[in-house]
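Summary of structural features
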Amino acid sequence: MIRIEGLTKEYAGKAVVRDVTMAIESGTVTVIVGTSGSGKSTFLRMVNRLVEPTAGTVEIDGVDTRRMKAHELRRRIGYAIQDHGLFPHWTVARNIATVPRLLGWPRARIAARVRELLELLQLDPDEIAPRYPHQLSGGQQQRVGVARALAARPDMLLMDEPFGALDPVIRAKAQDDLKAIQERLGSTILLVTHDMSEAIKLGDRIAVMSEGRVEQFAPPADILTRPASAVVESLVGEEDRPFRYLSLLPIAPLVEPGTAEGPPIGTGHSLRDALAEMIWSGRQALPVVDDEGAACGRVTRGALLSAGRPPR
Amino acid sequence: MGRSPDKLGVPMGGLLAVALALPLASYRANRIAPAEPRGLFEALPLSWALAVVGLALAAVAVALAARRPALRLAVSALMLLALLMAIGEAGRTLSAGGAQYARVAPGVGFWLAAFALAILVTDAIVRLRPGPLGRLAALAAALAALGLILVSGQWDGLSVLAEYRGRAAAFWREGGHHLQLAFGSLAVAVAAGVPLGIAIHRARRFKAPVLNGLSLLQTIPSIALFGILIVPLGWVAANVPGAAALGVQGIGMAPAFVALFIYSLLPMVANTAAGLAAVPAGVTEAAAGMGLTRRQQLASVELPLALPVILTGIRIVLVQNIGLATIAALIGGGGFGTFVFQGLGQTATDLILLGALPTVALAFVAAVVLDATVDLLPGARR
C-alpha cells in the first residue's frame, strides 16, 4: 500500500506538481496519464526521490520514504524508463544484476535470478545474457530494462513511458507481456504515459494529470463514462470513446442461449474484439466458447451495441 | 589497363624518384667544416647503389600501380629498411678513406626518400585497417628493426652516432630527465585534472570560467612561462622549509615541471568534463534510479563510459609534454633539449639531431600506444 499525501513540487516558485493525494493498492497497476508538461514524470520521480518534494509525503507500507536513505529506497523500487537506460559497457546479465549486486546477493543467487528473469521475459538466457545492449533490438532492450527493474523483487515498479521508444506492433506485444507478468507476479506498478489507450489497456486505476493536478483518479470505465472535467474528456477522445469502452467489457455477461453461424469466439475476449469480428465477417451473432472450447451460447450485435452505451 | 594511378602514389612515388637524384649524404672533413654533398653513386659502393636504385624503382612502381595494401606495405617497408641500411653503409664508405675527424650525415636525398617512404608505409598500414593489437605489433616490429640496426653497428659511421659516442652517459641521463619531466607532469596533471573535470561537470556554473582560465594559461608562450615561474619558485625555495631540499628552485627541473603541468591541465580537465557530458542522460538517470550512490554512479558508470575521451586527453598531454620538455633545457631543466640547444650554440646539426630524433620517436611511440589502448578498452564498440 502506497499513500501519497499532498505531494507538491515547485521550481522557482512555480508549481509543477500541486497537492497530489492518492492511495495505491498493492498488486495493482496505476497509470498516470497526461500531456507533456502535466507534471506526471516529476510526480513519478518524487516517489523514488529522484526529485525531492517541496511538500507532502510518500509512505510505502506505512513507512515515510523520507526516513530512508535515498539510494536504499531506490534499491527497493524498480525503475524502468523510456530509452531503457541500460549501461552500455555492461553485458545484459551484468545490467540485470545491478541491484542484486548492490544488495550483496551471493553470486549463485544472482546468476539464477538473471536466468529466471530472462526466461520470464521470453529471452533466451544463453544467447542474450552475454551480449551488450547495443547488440539487441529495441524490443529486447526494453525487456531487459524491465528485467533489470524487477531483479531484486522490488516493493513496487515505477515505469516512465516504458514503451515510448517502441514501434506500434512491438509496443502492443510489450504491453500484453507486461500485463501477463504483472498478473503472474502480483507486482505493484506505477506507470506514466501520454497514451490514453495504453492507460486503459494496462491500468486498474487511472490518474489523469493536467497542469500539476490530478483531475480524476478512477478505474478506466469511470474515466470513460464519467469524465470529471473537460480535460479528461478531451484526453479520452470522443470518437474513440465507445470502442475504448467496449474493449474494457468481457463477453461473458452478454452470452445468451442459442446458436450462430461461423467460427466461435472465446469468452476471454472483449466486446470490442467481438464487434470487430462481426463487422468484418458480416454476421449478426457469434457463437461463444468457454476456455475449454465447449459451446456456451452466442452473443448478438444488438446486445453488444446496447452494452456499449453506458448508463449515465 | 586504363586504371588511374594511385592518388597518394603519384606525389610520394614522384618524391622518391626525385630524391634518388639528390645527394644521399653530406660529407664534412671535420665537425664544423662546410658540408659537401655526395650523390648516391659517390656515397655507396656500386653494388649497393645499384641495389638501392633497383629497389627504389620497384617501390615507385608499386606506389603508383599496386592496389593491395599488403603488397604496398611490404615493398615500401622493405625499401625504407634498405634506405636505412644504405645510409649507414654510406657513412662507412665515405669516412673509410678520410681522416678520423670526417663527418658523414644524411643528406637531403635521404630525408626526402625517408619521408616519402614513411608516408607510404603508414598509408598502407591505414589501408590494412589493423586492430589495436595489429598496430602495436607493427610498432614493435619497427622498434625492433631500429634497435637491431643500432646494435649491429651499421650506423656507426654516421655523425649523429659519433656525437652519441662522445656523450653516451649524458644522453641516457638526459633521456631519463626528459621522461621524468614528461611523465611526471602528466601524472600530476591526471591526479589534479580528472577531479577538477569531475567537479566542473557537476557544478556547471564553474565550467566556463575554469575552462576559460585554463585556456588563458595555455596561450602563455612556454619560454615566457618559464621566466614567470622563476620568481615564485625562487621565493618558495627561499622561504618554505624543505622545499629547496626537494629540488624546488627558480631554475632547473622545478619550473619546467610546473610549466608542463600547467599546459597539461586544459586537455585533462576539458576532456574529463567532455567525456562525462557525453554519457547518455538515460544512463545516468537509470544509475541514480537503480539506487547507486553518487560515488558508485561515478566509479562504475560515468568514469568507465568517459574513459576513452579521458585517455584521448592523456594522449594529447603526453605527446605535447614530450615535445615541450625539450624547451626545459633552456632553464637548466635537462632533457633531450640539452643537446638541441648545445647543437644550436655550436652550429652542430648532428648534435641537434641527437636531441631531436629521440624526442620525435618517443612522442610517436606514446601516440601509437595510447591510441591502441583507447581501442582496447572493453567499452570500445561502435
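Rules used throughout
Residues numbered from 1 in each chain as written. Chains lettered and ligands numbered in written order. Predicted model: local features only at pLDDT ≥ 70, side-chain atom pairs only at ≥ 80, totals over all residues. Heavy atoms only, no water. Domains from an automatic or database assignment. Contact = heavy atoms within 4.5 Å. Buried area = accessible area lost by both parts, 1.4 Å probe. Salt bridge = Lys/Arg side-chain N within 4 Å of Asp/Glu carboxyl O. Phe/Tyr/Trp six-rings, centres within 6.5 Å; stacked < 30°, edge-to-face > 60°. Buried < 20%, exposed > 50% of the residue type's maximum accessible area, 1.4 Å probe, protein only. Helix = DSSP H or I, 4+ residues; strand = E, 2+ residues; numbered from the N terminus. Core = buried A, V, L, I, M, F, W, Y, C linked by side-chain atoms within 4.5 Å. 1 Å grid on protein atoms, 1.4 Å probe; cavity = no way out; pocket = protein on both sides within 12 Å on 5 of 7 lines; lining within 4 Å. Points joined across faces, edges and corners; volume = space filled by probe spheres on them. Nonpolar A, V, L, I, M, F, W, Y, C, P; charged D, E, K, R; others polar. Pairing = 2+ DSSP bridges. Axes fitted to C-alpha atoms, helices over the stretch in contact; angles between N-to-C directions. Parallel < 35°, antiparallel > 145°, perpendicular 65-115°, else oblique. Left-handed = near helix turned anticlockwise from the far one by under 90°. Polar contact = N/O pair within 3.5 Å; in protein donor to acceptor, adjacent residues only side chain to side chain. Lys, Arg positive; Asp, Glu negative; His and termini not counted.

All names here are of chain B. For chain B, the assigned domains are domain 1 (9-161) and domain 2 (168-381). If you average the C-alpha positions of domain 1 and of domain 2, the two centres end up 34 Å apart. Counting residues at the interface gives 14 residues for domain 1, matched by 14 residues for domain 2. Summed over both partners, the interface of domain 1 with domain 2 comes to about 1200 Å²; 70% of that surface belongs to carbon and sulfur atoms. Considering only the surface of domain 1 that becomes buried against domain 2, Arg-31, Leu-139 and Val-160 emerge as the three largest contributors, covering 39% of it. Counting across the domain 1 and domain 2 interface gives three salt bridges. Note that Asp-375 and Arg-135 form a salt bridge whose closest N and O atoms lie 2.8 Å from each other.

Attention shifts here to the packing of aromatic side chains. Residue and element names in this part refer to chain B. By the definition in use, this model includes six aromatic pairs over all chains. Residues Tyr-164 and Phe-171 carry aromatic rings whose centres are separated by 5.2 Å and whose planes lie at 90° to one another, so their mutual orientation is edge-to-face. For Tyr-164, a relative accessible area of 22% gives the class partly exposed. Accessibility expressed as a relative area gives 10% for Phe-171, which makes it buried.

Counting across every chain of the model gives 30 salt bridges over all chains. Between Asp-126 of chain A and Arg-115 of chain A there is a salt bridge; the shortest N-O distance is 3.3 Å. In this pair, Asp-126 of chain A is assigned in helix H6 (residues 125-128) and Arg-115 of chain A in helix H5 (residues 107-120), connecting sequence segments eleven residues apart. In this structure, Arg-72 of chain B engages Asp-6 of chain B in a salt bridge whose closest nitrogen and oxygen atoms are separated by 3.1 Å. Remark: Asp-6 of chain B occurs in the segment before helix H1 (9-21) and Arg-72 of chain B occurs in helix H4 (residues 69-97); sequence separation between them is 66 residues.

Attention now moves to the nonpolar core. Nonpolar side chains in soluble globular proteins tend to be buried together. Counting residues in each nonpolar core, the largest one holds 85 residues, and the members touching the most others are Ile-4, Phe-43, Ile-96, Leu-190 and Met-196 of chain A. In contact with Ile-4 of chain A, other than residues within four places in its own chain, are Val-20, Thr-21, Met-22, Ile-24, Phe-43, Val-47, Thr-57 and Val-58 of chain A. Core analysis: the next-biggest nonpolar cluster, separate from the first, contains 43 residues, Ala-254, Tyr-263, Ala-273 and Leu-298 of chain B among them.

Below, the discussion takes up empty space enclosed by the protein. Residue and element names in this part refer to chain B. Applying the stated criterion across every chain, the model contains six cavities of 30 Å³ or more. There is about 70 Å³ of room inside the largest cavity. Taken together, Ala-19, Leu-20, Leu-22, Leu-24, Leu-40, Val-52, Met-79, Leu-83, Gly-109, Phe-110 and Ala-113 form the lining of the largest cavity. Of all elements in the fold, only H1, H4 and helix H5 (108-128) reach the threshold of two or more residues within the lining of the largest cavity. In terms of residue count, H5 provides more of the lining of the largest cavity than any other element does, three residues in total. Of the residues in the lining of the largest cavity, the class split is ten nonpolar, one polar and no charged.

Residue and element names in this part refer to chain A. Overall, antiparallel pairing links the four strands, which are arranged E2-E1-E4-E5 in an open sheet. One side of each edge strand has no neighbouring strand; the edge strands of this open sheet are strand E2 (14-24) and strand E5 (63-64). Relative to E5, strand E4 (residues 55-60) runs antiparallel, the two sharing two bridges. Looking at the pairing, Glu-59 lines up with Asp-64 of E5. Each of strand E1 (2-11), E2 and E4 is contacted by helix H1 (residues 40-47), which is oriented at about 120° to E1, the strand it contacts most.

With that out of the way, let us pick up the side chain of His-201 of chain B. Residue and element names in this part refer to chain B. Here His-201 is to be found in helix H8 (residues 168-202). Judged by relative accessible area, His-201 falls into the buried class, the value being 7%. Non-local contacts of His-201, meaning those with residues more than four positions away in its chain, are made with Ala-273, Leu-276, Ala-277 and Glu-302.

With that settled, consider the environment of Asp-177 of chain A. For Asp-177 of chain A, the position within the fold is in helix H8 (residues 168-185). Sequence separation between Asp-177 of chain A and Ala-112 of chain A is 65 residues, and the spatial gap between their C-alpha atoms is 21 Å.

A separate point is the sheet that holds strand E3 (residues 103-106) of chain B. All names here are of chain B. Read from one edge to the other, the open sheet built from three strands follows the order E2-E1-E3, with strand pairing classed as antiparallel. A single partner strand is all that each edge strand has here, and the edge strands are strand E2 (36-38) and E3. Going across the sheet, the axis of each strand differs from the next one's by a mean of 30°, ignoring polarity. Its contacts with the sheet place helix H7 (residues 159-166) against strand E1 (25-28) and E3, and it is angled at close to 120° to E3.

Further remarks concern the packing of helix H14 (residues 337-345) of chain B against helix H15 (residues 349-376) of chain B. In a packed pair of helices, the relevant descriptors are the angle between the two axes and the axis-to-axis distance. All names here are of chain B. In the contact formed by H14 and H15, the axes pass within 7 Å of each other and the chain directions differ by 160°. Here H14 lies roughly antiparallel to H15, going by the angle between them. Two packed elements cross with a definite hand, and for H14 against H15 that hand is left-handed. Along the contact surface, H14 presents Phe-339, Val-340, Gln-342, Gly-343 and Leu-344, while H15 presents Leu-351, Ile-352, Leu-354, Gly-355 and Ala-356. Considered class by class, the residues forming the contact of H14 with H15 number seven nonpolar, three polar and no charged.

A few words on the interface of chain B and chain A. Contacts between chain B and chain A engage 17 residues on the former and 21 residues on the latter. Across the chain B to chain A interface the summed buried area is about 1700 Å²; carbon plus sulfur atoms make up 68%. Remark: the boundary between chain B and chain A carries one salt bridge. Note that Glu-285 of chain B is salt-bridged to Arg-45 of chain A, the shortest N-O span being 2.4 Å. Connecting chain B to chain A are six residue pairs in polar contact (both at pLDDT 80 or more). Those elements giving two or more residues to the side of chain B that touches chain A turn out to be helix H12 (281-290) and helix H13 (294-324) of chain B. Broken down by element, the residue count for the side of chain B that touches chain A peaks at eight residues, all from H12 of chain B. In the side of chain B that touches chain A, the residues fall into nine nonpolar, six polar and two charged.

This next bit is on the side chain of Asp-160 of chain A. All names here are of chain A. Mapped onto the fold, Asp-160 is located in strand E7 (residues 156-160). Arg-45 is the oppositely charged side chain nearest to the buried, salt-bridge-free Asp-160, at an N-O distance of 5.9 Å. Among the polar contacts listed, one links the side chain of Asp-160 to the side chain of Ser-41, at a separation of 3.0 Å.

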